[in-house]
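# Coordinate inspection notes
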Amino acid sequence: MFVRGGAVESKRFRINQFITAPEVRLVDFDGTMIGVIRTVDALAKAHIKDLDLVEISPQANPPVCRIISFSKFKYEMNKKEREAKKKQKISHIKEVRIRSRISEHDLEVKIKRAREFITDGDKVQITAMFSGREMQHKDLGIKIIDKIKESLADIASPEGKISSMGVRVFLTLVPKKAK
């Protein structure tokens, strides 16, 4: 990917003779601002120092370029991206399924499990499932979902309203933001 003589291609940064602007704002390899000069002169300065001219900020007017080793620059950019990726918190949606005829103890176990998911930072979808004649009494499932919502109100808030689709009634709970 890196070839001396300037024939370098990158998907994100223009390098050496691929810089198309007639003038650039040049920053030296040690970070000192040189100023606005012609691109040809900037390329000559980079060639003298045996380094590359890399367009850092193409949207600026004139574009900002820096004299650096492109391979080192690319390595540092990848390192920053990996660090940013490590710090991201990925939220998953966990599902807790219940039936309309669930016993009190089983309901407590499901609430406890949902509480664990929410404290881990995940969203929880409470799903009440119905079969056969239970479909005529969806209100029982909605009451159970309301009971779960009230018992988890200290750490979670509903993302929307209770909704129904076919033989299922569901509600999504999201963790409350820490103040």
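Heads up: these notes are all about the structure in this document. Remember, predicted model here, so these are calculated numbers, not experimental data.

### Some remarks on helix α4 (residues 138-151)
Three or four residues apart is the spacing at which side chains of an α-helix point the same way, because the helix has 3.6 residues per turn. Relative to the 20 Å expected for 14 residues at 1.5 Å per residue, α4 spans 20 Å between its end C-alpha atoms, a close match to the ideal helical length. Those residues of α4 that sit buried are Gly141, Ile144, Ile145 and Ile148. Projected down its long axis, α4 carries its buried residues within an arc of 100°, all on one side. Seen from the open side of α4, the exposed residues pointing more than 90 degrees away from its buried face are Lys143 and Glu150. Taken together, the buried residues of α4 touch β5 (93-99), α3 (104-119), β6 (123-129) and β9 (168-175).

### Some details on the packing of aromatic side chains
Here the structure, examined in full by the defined rule, presents 2 aromatic pairs. Look at phenylalanine 13 and phenylalanine 73: their rings are 4.9 Å apart centre to centre, the planes differ by 75°, and that puts the pair in the edge-to-face class. Placement of the pair is phenylalanine 13 in the segment before β1 (23-27) and phenylalanine 73 in helix α2 (residues 70-87), with a sequence separation of 60 residues. Look at phenylalanine 13 and you get buried, because its relative accessible area is 15%. For the ring pair phenylalanine 70 and phenylalanine 73, a centre distance of 6.4 Å and an interplane angle of 40° mean the geometry is tilted.

### Let's talk about unusual backbone geometry
Of the consecutive residues asparagine 61 and proline 62, the connecting peptide bond is found in the cis state with omega at -5°. With respect to the helices and strands, the residue proline 62 is situated in the loop between β3 (52-57) and β4 (64-68). Phi is positive for asparagine 16, which is not a glycine, with a value near 50°. Its location among the elements puts asparagine 16 in the segment before β1. With phi around 60°, aspartate 50 is a residue other than glycine that occupies positive phi space. Assignment of secondary structure puts aspartate 50 in the loop between α1 (39-48) and β3.

### Here's the deal with the layout of surface pockets
Each pocket or cavity is described by its volume, and for the largest pocket that value is around 230 Å³. What lines the largest pocket is a set of 13 residues, and nearest its centre among them are Phe29, Arg66, Ile67, Ile68 and Phe73. Ranked by residues supplied to the lining of the largest pocket, first place goes to β4 with 5 residues. Split by residue class, the lining of the largest pocket holds 9 nonpolar, 1 polar and 3 charged.

### Digging into the pairing of β5
Bridge count for β5 against β6 is 7 bridges, and the pairing is parallel. Bridged to isoleucine 93 within β6 is lysine 123. The parallel pair β5 and β6, bridged by α3, forms a crossover whose chirality is right-handed.

### As for the nonpolar core
Note that soluble globular proteins tend to have their nonpolar side chains buried in a common cluster. Counting residues in hydrophobic clusters, the biggest one holds 19 residues, and the most contacted among them are Ile98, Val124, Ile126, Ile145, Ile148, Leu152 and Leu173. Breaking this core down by element, the ones donating at least two residues are β5, α3, β6, α4 and β9. At 5 residues, the largest contribution of residues to this core is made by α3. Contact partners of isoleucine 145, with chain neighbours within four places excluded, come to Ile98, Ile126, Ala128, Ile162, Val169, Phe170 and Leu171. Ranked by size, the runner-up nonpolar core spans 10 residues in total, among them Ala21, Ile37, Leu53 and Cys65.

### Quick look at the sheet that holds β4
Ordered by their spatial adjacency, 4 strands build an open sheet running β2-β1-β4-β3, and the pairing between neighbours is mixed. Edge positions in the sheet fall to β2 (33-38) and β3, since each of these pairs with one other strand and no more. Taking each pair of neighbouring strands and ignoring which way they run, the sheet shows an average axis angle of 35°. Judged from the 5 bridges that link them, β3 and β4 form a sheet pairing that is antiparallel. Counterpart to leucine 53 in the pairing with β4 is isoleucine 67. Relative to the sheet, α1 contacts β1, β2, β3 and β4, its axis offset from that of β2 by approximately 125°. Of the strands in this sheet, β3 and β4 are in contact with α2, which crosses β3 at around 35°.

Each value, and the rule that gives it
- Residues numbered from 1 in each chain as written.
- Predicted model: local features only at pLDDT ≥ 70, side-chain atom pairs only at ≥ 80, totals over all residues.
- Heavy atoms only, no water.
- Helix = DSSP H or I, 4+ residues; strand = E, 2+ residues; numbered from the N terminus.
- Expected span 1.5 Å × (residues − 1).
- Buried < 20%, exposed > 50% of the residue type's maximum accessible area, 1.4 Å probe, protein only.
- Arc of directions from axis to C-beta.
- Contact = heavy atoms within 4.5 Å.
- Phe/Tyr/Trp six-rings, centres within 6.5 Å; stacked < 30°, edge-to-face > 60°.
- 1 Å grid on protein atoms, 1.4 Å probe; cavity = no way out; pocket = protein on both sides within 12 Å on 5 of 7 lines; lining within 4 Å.
- Points joined across faces, edges and corners; volume = space filled by probe spheres on them.
- Nonpolar A, V, L, I, M, F, W, Y, C, P; charged D, E, K, R; others polar.
- Pairing = 2+ DSSP bridges.
- Right-handed = clockwise from strand over helix to strand, strands pointing away.
- Core = buried A, V, L, I, M, F, W, Y, C linked by side-chain atoms within 4.5 Å.
- Axes fitted to C-alpha atoms, helices over the stretch in contact; angles between N-to-C directions.

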